[in-house]
Amino acid sequence: QVQLVESGGGLVQSGGSLRLSCAASGSIFAINDMGWWRQYPGKQRELVASITTGGSTNYPDSVKGRSTISGDNAKNAVFLQMNSLKHEDTAVYYCDTDVTATSRARFVVWGQGTQVTVSS
């Protein structure tokens, strides 16, 4: 079993910054990639950023230049630094990981989500 624990969400003023953290634990054989998604009420989750263990990153245009994803392979952790936050960044942010367990089963695990609220 693999679990993700997120932290770092909260209330921030428009133009401010926030750093989200996510750590995976459990029966991990290998982390294939990790990412951050966000979900607005009544909408599907959308990708914010992803990173492979090799360090390749991917961002949608909506956050490119304002967000930076980084990882710590030794700690099975991923971080999302968000700058110049806008009101429209207000959402629940979820961490996910594509993981191979010690059983060699491969699957995606989601965190519980953390609320980010940007006041205008």
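To start, this report covers the structure provided alongside it.

Rules and cut-offs
Residues numbered from 1 in each chain as written. Predicted model: local features only at pLDDT ≥ 70, side-chain atom pairs only at ≥ 80, totals over all residues. Heavy atoms only, no water. Helix = DSSP H or I, 4+ residues; strand = E, 2+ residues; numbered from the N terminus. Buried < 20%, exposed > 50% of the residue type's maximum accessible area, 1.4 Å probe, protein only. Contact = heavy atoms within 4.5 Å. Core = buried A, V, L, I, M, F, W, Y, C linked by side-chain atoms within 4.5 Å. Phe/Tyr/Trp six-rings, centres within 6.5 Å; stacked < 30°, edge-to-face > 60°. Lys NZ or Arg CZ within 6 Å of the ring centre and 35° of its normal. Salt bridge = Lys/Arg side-chain N within 4 Å of Asp/Glu carboxyl O. Pairing = 2+ DSSP bridges.

Our focus in this paragraph is the side chain of serine 21. By the element assignment, serine 21 lies in strand 3 (residues 18–26). Judged by relative accessible area, which is 18%, serine 21 ranks as buried. If we ignore the near neighbours within four places in the chain, the residues touching serine 21 are Val5, Glu6, Ser7, Trp36, Val78 and Phe79.

Okay, the nonpolar core next. Counting residues in hydrophobic clusters, the biggest one holds 28 residues, and the most contacted among them are Trp36, Leu80 and Tyr93. Mapped onto this core, the elements with two or more residues apiece are strand 1 (2–7), strand 3, strand 4 (28–39), strand 5 (46–52), strand 8 (77–82), strand 9 (91–101) and strand 11 (114–119). When residues no more than four places from it in sequence are discounted, the contact partners of leucine 80 are Leu18, Arg19, Leu20, Trp36, Val48, Ala49, Ser67, Thr68, Ile69 and Tyr93.

Before going further, it helps to spend a moment on the packing of aromatic side chains. Scanning the model with the defined rule gives one aromatic pair in all. Aromatic pair tryptophan 37 and tryptophan 110: ring centres 5.6 Å apart, planes at 65 degrees, arrangement edge-to-face. You can see tryptophan 37 sitting in strand 4 and its partner tryptophan 110 sitting in strand 10 (residues 106–110), a full 73 residues away along the chain. Over the aromatic face of tyrosine 94 sits the side chain of arginine 45, whose NZ or CZ is 3.6 Å from the ring centroid. Here the basic side chain of arginine 45 rests over the ring of tryptophan 110, its NZ or CZ set 4.5 Å away from the ring centre.

Let's shift gears to the pattern of salt bridges. Throughout the structure, instances matching the rule amount to five salt bridges. Note that aspartate 89 and arginine 38 form a salt bridge whose closest N and O atoms lie 2.8 Å from each other. With a gap of 51 residues between them, aspartate 89 in the loop between strand 8 and strand 9 and arginine 38 in strand 4 connect regions that are remote in the sequence. Between arginine 106 and aspartate 98 there is a salt bridge; the shortest N-O distance is 2.8 Å. Accessibility expressed as a relative area gives 55% for arginine 106, which makes it exposed. Owing to a relative accessible area of 14%, aspartate 98 belongs among the buried residues under this scheme.

As a further point, take the pairing of strand 8. When a strand is regular, its side chains alternate between the sheet's two faces. Extensive coverage of strand 8 is indicated by the burial of five of its six residues. Note: strand 3 against strand 8, six bridges, orientation antiparallel. Counterpart to arginine 19 in the pairing with strand 8 is glutamine 81. Note: strand 7 (residues 67–72) against strand 8, six bridges, orientation antiparallel. Paired with serine 70 across the two strands is phenylalanine 79, which belongs to strand 8.

Read these as spatial facts, not as claims about activity.
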